[in-house]
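Understanding the architecture of this molecule
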Amino acid sequence: MFKKIIRLSGCSGTTIVKNIAVAILDATTMVVPNFCIFFILMEMLEPEPSNTKLMIYCALIAACLVARLFSVWMSFITHSSFSSGAGYTMRGNLMDKLVKIPLGSLLSMDLGTINNTLLKDVEFSEYALSHVLSYMLGISCVLLLLMAGLFVVDWRLSLSMLIGFPVAISLFVWLTKLTQKGKRRLFQSSDTLNNSIFEFILGIRVLRAHGQAEGDMLALGEKMKQARDAHLKYEMGASLAPAAFVIFSEVGFASLILFGLHAIGTQTLSLSVFLLFLLVSMQFFRPLTQLAILLSQFDYFNVSLNRIDELLGEKELENKHSKDPQVSCYEIEFNDICFAYEEAPLFEKVNVVFPEQAVTAIVGPSGSGKSTMMSLIARFWDTDNGNITIGGQKISEMSQSKIAQHVSMVFQDVYLFDDTIYNNLVMGQDISAEKLERVCRQAQCWEFIQSLPNGLETVVGEGGTRLSGGEKQRISIARALLKDAPIVLLDEATAALDSGNEVLIHSAISALIKDKTVIVITHNLSSVIKADKIVVLVRGEIEAVGVHDELMRISPTYQALWSDQLKAQGWQI
Ligand SMILES: Nc1ncnc2c1ncn2[C@@H]1O[C@H](COP(=O)(O)OP(=O)(O)OP(=O)(O)O)[C@@H](O)[C@H]1O
């Protein structure tokens, strides 16, 4: 476990040595005065006490008090800087990991679990490193020093003090192991509840519209109860180990008194030594209770560390070459692509070319793999076999940032950040005011931005909640236009818009796709008639490739899609 702490916290050997040194100094300043008091008492019981010796003991006590001020201050600084440094490193590594794992895997993870790991587990680790680990270290040093001192004075009494330890330690380890499952259950119930709370907030509109405002459908009440029960069960189980440890180790106190009285009776022990043991045993058994509680908290910390470690162990997108290959043309090619989300393959040896500076439409029934094709081009997932190339260069050898430079995407669901329209548009790029206005006009969003109270400085709310669907869509097109990437992927970009918005967005899209390699997915077949190439996809297989007239002759699926669309247009509400 210590290896894991060092690995995950990123702390150096020097930091560990510093922490241990401070703990030893702290413990020494606590233990030495006890023995000095004993020696002062012994000296005073002598017929002629030595003033020099008494002065030395008093000076030692004073020196320990001064050193203690320093050690307390030092331990506060070293432990806090260790724990906050470790928290910073863990959070940084986790964020770095989230950037490197395939987007598809990331999106399929539970939001509640990621949130709990990034916030709760890291926070608890910080707390455990600054409070639990440091106190454990300090208390252990005090106990070891006290015991070493006592062994020097009288090993028989020392052994009698430790008589209950073998049983106490065995019971502690056994009971701690027994609560492992409870700990996992506690974390899982917290993740599940957290996830449902996220779902509740994100889906609040749907829930209210369906009279589910109290979240009954998500069984929030039940999940809260489960979290409460898991917590209660864990607390009850977790308190057993420290309780058993304290009870059995304190048997040593009774054994010390019995053995001490017996030894005094047989005149093999002096009263002063017995008094020393009684005095020091108070200092010994009290911190032992604290140590037992800290040890069980430390075990809880172990679960948090494992969860952080698990997330850090998630598979990353592979980058086979350190240098990004140069791309001079933007034709996209699928060569023998095999891909499966889970067990069942979706694509098996798919071959298709998306020509440069041409519009290719992908059509096919729902679930045939159209969006997956786009996700693979953007390298949200890595393929299981085969290569996707841009201008002949494998995308598996390109970094995420390089692919992002080549590819712009516009989806049906637009996400805007809770920031100004300006920042949502430029996305960190340095763009001149003239260019911004020109692009916004092209994307048909300049007028409505100007009509907002703060224009470009208007804050849009989380996810862009203060804007309409059409407004958000035009901003996302302006964003893609500003990026000016040579490849544009449009996934149902105009679905769910009213006809007024659709006209505006179609003219915005025309500006976006000019002279670009464009791949478009749309259920509105009338907009694919003019496409340079149409790919018909059925259950992950390419049924036919061609232009509209050809496909109307050779592709049964394309004919069926048209026939369905014409029927749907005849529908009346
Ligand atoms: N993240 C995922 N994990 C597991 N399976 C997935 C995932 N995303 C999609 N699928 C499955 O892969 C198949 C293809 O999905 P995809 O979204 O690519 O189809 P599509 O043709 O774009 O569908 P639609 O037209 O309805 O949007 C479907 O069976 C879908 O259930």
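Computed from a predicted structure; not experimentally measured.

Turning our eyes to something else, we now look at the nonpolar core. The tendency in soluble globular proteins is for nonpolar side chains to be buried side by side. Met-90, Leu-129, Leu-150, Met-161, Phe-284 and Phe-301 are the most contacted members of the largest nonpolar core, which has 67 residues in total. Of all the elements, helix α12 (residues 271-312) adds the most residues to this core, at 18 residues. In this structure, Met-90 is in contact with Leu-8, Ser-9, Val-122, Ser-125, Leu-129, Leu-305 and Ile-308, ignoring residues within four places of it in sequence. Ala-361, Leu-416, Val-518 and Trp-562 belong to the second-largest nonpolar core, a separate cluster that totals 43 residues.

Of the strand pairs in this sheet, strand β1 (residues 332-340) and strand β2 (residues 345-354) are connected by six bridges, and their pairing is antiparallel. Residue pairing in the sheet places Phe-339 in a bridge with Phe-347 of β2. The antiparallel pairing of β1 with β2 creates a hairpin that spans four residues between the two strands.

To continue, consider unusual backbone geometry. Here the phi dihedral of Met-427 falls at roughly 45°; this positive angle occurs in a residue that is not glycine. Tracing the chain through its elements places Met-427 in the loop between α15 (421-426) and α16 (433-442). Even without a glycine there, the phi angle at Arg-539 is positive, about 45°. Along the chain, Arg-539 turns up in the loop between β9 (533-538) and β10 (541-546).

If you check the shell around the ligand, you find 13 residues, and the closest are Ser-366, Gly-367, Lys-370, Ser-371 and Thr-372. The contact in question runs from an oxygen atom of the ligand to an N or O atom on the side chain of Lys-370, over 2.8 Å. With three residues, the top contributor of residues to the shell around the ligand is helix α13 (residues 370-377). Partitioned by chemical class, the residues of the shell around the ligand number four nonpolar, seven polar and two charged.

Definitions and cut-offs
- Residues numbered from 1 in each chain as written.
- Predicted model: local features only at pLDDT ≥ 70, side-chain atom pairs only at ≥ 80, totals over all residues.
- Heavy atoms only, no water.
- Core = buried A, V, L, I, M, F, W, Y, C linked by side-chain atoms within 4.5 Å.
- Buried < 20%, exposed > 50% of the residue type's maximum accessible area, 1.4 Å probe, protein only.
- Helix = DSSP H or I, 4+ residues; strand = E, 2+ residues; numbered from the N terminus.
- Contact = heavy atoms within 4.5 Å.
- Pairing = 2+ DSSP bridges.
- Near = heavy atom within 4 Å.
- Polar contact = N/O pair within 3.5 Å; in protein donor to acceptor, adjacent residues only side chain to side chain.
- Nonpolar A, V, L, I, M, F, W, Y, C, P; charged D, E, K, R; others polar.

Distances and angles like these do not, on their own, reveal function.
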